[in-house]
Amino acid sequence: MDQTASPFEPGTRVRATFGRFRGKTGIVVKTATGLPEAFDGPVLWVRFDDAEEPGLVAGQFLEAA
């Protein structure tokens, strides 16, 4: 899948459903680029509500909040 094809546009509010950010909500900043092809689907930079810096999250572990 093309990593630039994301159902989550920058500015979309999302909630993480798995991993270290599980249960946290935040705003999509942008789609990550230059990552290995091993990732299934887009990987996104998300600025979570309680964090100063955005975190990387695979799109398959995000849902609209």
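Break down the side chain of Thr25 for me, with residues and values.
By the secondary structure assignment, Thr25 is in strand S2 (residues 25–31). Judged by relative accessible area, Thr25 falls into the buried class, the value being 18%. In terms of polar contacts, Thr25 uses its side chain to reach the side chain of Arg13, at 3.3 Å. Other than its neighbours up to four places away in sequence, Thr25 contacts Arg13, Val14, Arg15, Phe48, Asp49 and Ala65.

Give me the pattern of salt bridges: which residues, what numbers.
Overall, the coordinates contain three salt bridges when judged by the stated rule. A salt bridge links Arg13 to Asp49; the nearest nitrogen and oxygen atoms lie 2.5 Å apart. With Arg13 in strand S1 (residues 13–16) and Asp49 in the loop between strand S3 (43–48) and strand S4 (55–58), the pair connects residues that are 36 residues apart, well separated along the chain.

Residue-level account of the environment of Gly19, with values.
Tracing the backbone shows Gly19 in the loop between S1 and S2. Separated by 38 residues in the primary sequence, Gly19 and Val57 have C-alpha atoms spaced 8.5 Å apart.

Cut-offs applied
- Residues numbered from 1 in each chain as written.
- Predicted model: local features only at pLDDT ≥ 70, side-chain atom pairs only at ≥ 80, totals over all residues.
- Heavy atoms only, no water.
- Helix = DSSP H or I, 4+ residues; strand = E, 2+ residues; numbered from the N terminus.
- Buried < 20%, exposed > 50% of the residue type's maximum accessible area, 1.4 Å probe, protein only.
- Polar contact = N/O pair within 3.5 Å; in protein donor to acceptor, adjacent residues only side chain to side chain.
- Contact = heavy atoms within 4.5 Å.
- Salt bridge = Lys/Arg side-chain N within 4 Å of Asp/Glu carboxyl O.

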